[in-house]
Amino acid sequence: ETGVTQTPRHLVMGMTNKKSLKCEQHLGHNAMYWYKQSAKKPLELMFVYSLEERVENNSVPSRFSPECPNSSHLFLHLHTLQPEDSALYLCARSQRGGGEGYTFGSGTRLTVV
Amino acid sequence: QKEVEQDPGPLSVPEGAIVSLNCTYSNSAFQYFMWYRQYSRKGPELLMYTYSSGNKEDGRFTAQVDKSSKYISLFIRDSQPSDSATYLCAMGLDTGGFKTIFGAGTRLFVKA
């Protein structure tokens with residue numbers, strides 16, 4: 001285990017559903033991140049939180065809504081998703097700005113039907 | 001032009017071979033260079049981290065950075081079937097910027 005726990009591991013949802021992805025870590029951090037990983041594409045940065053304040057919103061559609069209530073938890077709220085949003089969603093944390101590496105969770109495999 | 005280019009493979013080698021994985025990049029301002037390993041159904045795991053140019057060795061793994069050529073490499077000696085995974089290169093501008101750019105990954109198969 002990496003110390004970053006993501007739930008659920010798998011999620012199938014309809015386009016009209018609302019669901020949330022959860023990330024929990026107790027490693028201490030300076031920043032926490034949501035990344036999207038699609039097949040044969042580089043990881044796409046979605047959101048960055050530094051000390052519970054959002055510092056980066058990388059032109060992500062509003063159907064994705066992040067929340068960081070405290071230093072140990074990060075959520076990604078999903079609503080009215082599209083089939084092209086099907087991907088692996090990864091949570092990560094870093095000690096500083098990420099230049100020295102991230103610790104990733106195992107991800108949530110999301111399928112939108 | 002993509003900021004980071006990485007051959008997706010797949011790369012298939014026999015057990016015991018030396019593996020060379022590479023990435024090229026376009027932004028000369030990158031200072032931090034990393035290699036991640038990702039097993040199926042898992043998140044990426046940091047393997048090697050290098051600041052600026054030069055080599056770094058950790059067991060069977062060696063990371064090289066050539067900033068003049070904008071080229072980074074990961075060498076795996078005495079490759080094992082357990083090394084079969086996707087290898088992602090990544091690079092960052094500085095520790096305060098919160099942005100790391102990833103390659104798309106190279107799929108490696110090591111055959112027993």
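Residues numbered from 1 in each chain as written. Chains lettered and ligands numbered in written order. Predicted model: local features only at pLDDT ≥ 70, side-chain atom pairs only at ≥ 80, totals over all residues. Heavy atoms only, no water.

Undergrad: Got a minute to help me understand the overall build of chain A in this structure?
TA: In terms of regular secondary structure, chain A is built from zero helices and 11 strands. Moving toward the C terminus, one meets the helices and strands of chain A in the order β-β-β-β-β-β-β-β-β-β-β. Taken over the C-alpha trace, chain A has a radius of gyration of 13 Å; the compact-globule value for 113 residues is 13 Å, and the two agree within 12%. Overall size of chain A, expressed as C-alpha extent along the three principal axes, is 35 × 25 × 20 Å. By residue count, 51% of the 113 residues in chain A fall in the buried class. If you take every contact in chain A between residues at least 6 apart in sequence, the share linking residues at least 24 apart comes to 54%. Split by element, the accessible area of chain A, about 5,300 Å² in all, is 48% carbon and sulfur. On chain A, the mean spot of the 12 positive side-chain charges and the mean spot of the 10 negative ones are 7 Å from each other. (Helix = DSSP H or I, 4+ residues; strand = E, 2+ residues; numbered from the N terminus. Rg over C-alpha atoms; globule rule 2.2 N^0.38 Å. Buried < 20%, exposed > 50% of the residue type's maximum accessible area, 1.4 Å probe, protein only. Contact = heavy atoms within 4.5 Å. Areas by Shrake-Rupley, 256 points an atom, 1.4 Å probe, with all protein chains shown as cover. Lys, Arg positive; Asp, Glu negative; His and termini not counted. Charge placed at Lys NZ, Arg CZ, Asp CG, Glu CD.)

Undergrad: It is not clear to me how the packing of aromatic side chains should be interpreted in this structure. Could you clarify?
TA: Counted under the stated rule, the structure contains 15 aromatic pairs over all chains. An angle of 15 degrees between the planes, with centres 5.7 Å apart, marks the rings of Tyr-32 of chain B and Tyr-49 of chain B as stacked. In this pair, Tyr-32 of chain B is assigned in strand S4 (residues 32-38) and Tyr-49 of chain B in strand S5 (residues 45-51), connecting sequence segments 17 residues apart. With respect to class, Tyr-32 of chain B is no different from Tyr-49 of chain B; both count as buried. Among the aromatic side chains, those forming a connected cluster through ring pairs are Tyr-33, Tyr-35, Tyr-102 and Phe-104 of chain A together with Tyr-36 and Phe-102 of chain B. (Phe/Tyr/Trp six-rings, centres within 6.5 Å; stacked < 30°, edge-to-face > 60°.)

Undergrad: Any chance you could explain the sheet that holds strand S3 (residues 18-25) of chain A here in plain terms?
TA: Residues and elements named next belong to chain A. Overall, antiparallel pairing links the four strands, which are arranged S1-S3-S8-S7 in an open sheet. Each edge of the sheet is formed by a strand with only one pairing partner; in this case those strands are strand S1 (4-7) and strand S7 (64-70). On average, each strand axis in the sheet is tilted by 20 degrees relative to the strand beside it, whichever way the strands run. The sheet contact formed by S1 and S3 spans four bridges and is antiparallel. Its bridge partner lying in S3, Gln-6 is registered against Cys-23. (Pairing = 2+ DSSP bridges. Axes fitted to C-alpha atoms, helices over the stretch in contact; angles between N-to-C directions.)

Undergrad: What exactly am I supposed to notice about the interface of chain B and chain A here?
TA: The accessible area lost on association of the parts is a frequent measure of interface size. Opposite the 20 residues of chain B that make contact, chain A presents 27 residues. When chain B packs against chain A, the two sides together hide about 1,800 Å² of surface, and 57% of this comes from carbon and sulfur. The interface formed by chain B and chain A contains zero salt bridges. Linking chain B with chain A are four residue pairs in polar contact (both at pLDDT 80 or more), by the criterion used here. Only S4, S5 and strand S10 (100-102) of chain B provide two or more residues apiece to the side of chain B that touches chain A. Classifying every residue of the side of chain B that touches chain A by side-chain character gives 10 nonpolar, six polar and four charged. (Buried area = accessible area lost by both parts, 1.4 Å probe. Salt bridge = Lys/Arg side-chain N within 4 Å of Asp/Glu carboxyl O. Polar contact = N/O pair within 3.5 Å; in protein donor to acceptor, adjacent residues only side chain to side chain. Nonpolar A, V, L, I, M, F, W, Y, C, P; charged D, E, K, R; others polar.)

Undergrad: Looking at this structure, how should I read the sheet that holds strand S3 (residues 19-25) of chain B?
TA: Paired through backbone hydrogen bonds, the strands of a sheet run either parallel or antiparallel to each other. Residues and elements named next belong to chain B. Within the open sheet, the five strands sit side by side as S1-S3-S8-S7-S6. Their pairing is antiparallel. The open sheet is flanked by strand S1 (4-6) and strand S6 (54-58), the only strands paired with a single partner. Between one strand axis and the next, the sheet turns by 15 degrees as a mean value, whatever way the strands run. Summarising the sheet, S1 and S3 pair through three bridges and their orientation is antiparallel. Across the sheet, the residue bridging to Glu-5 is Thr-24, located in S3.

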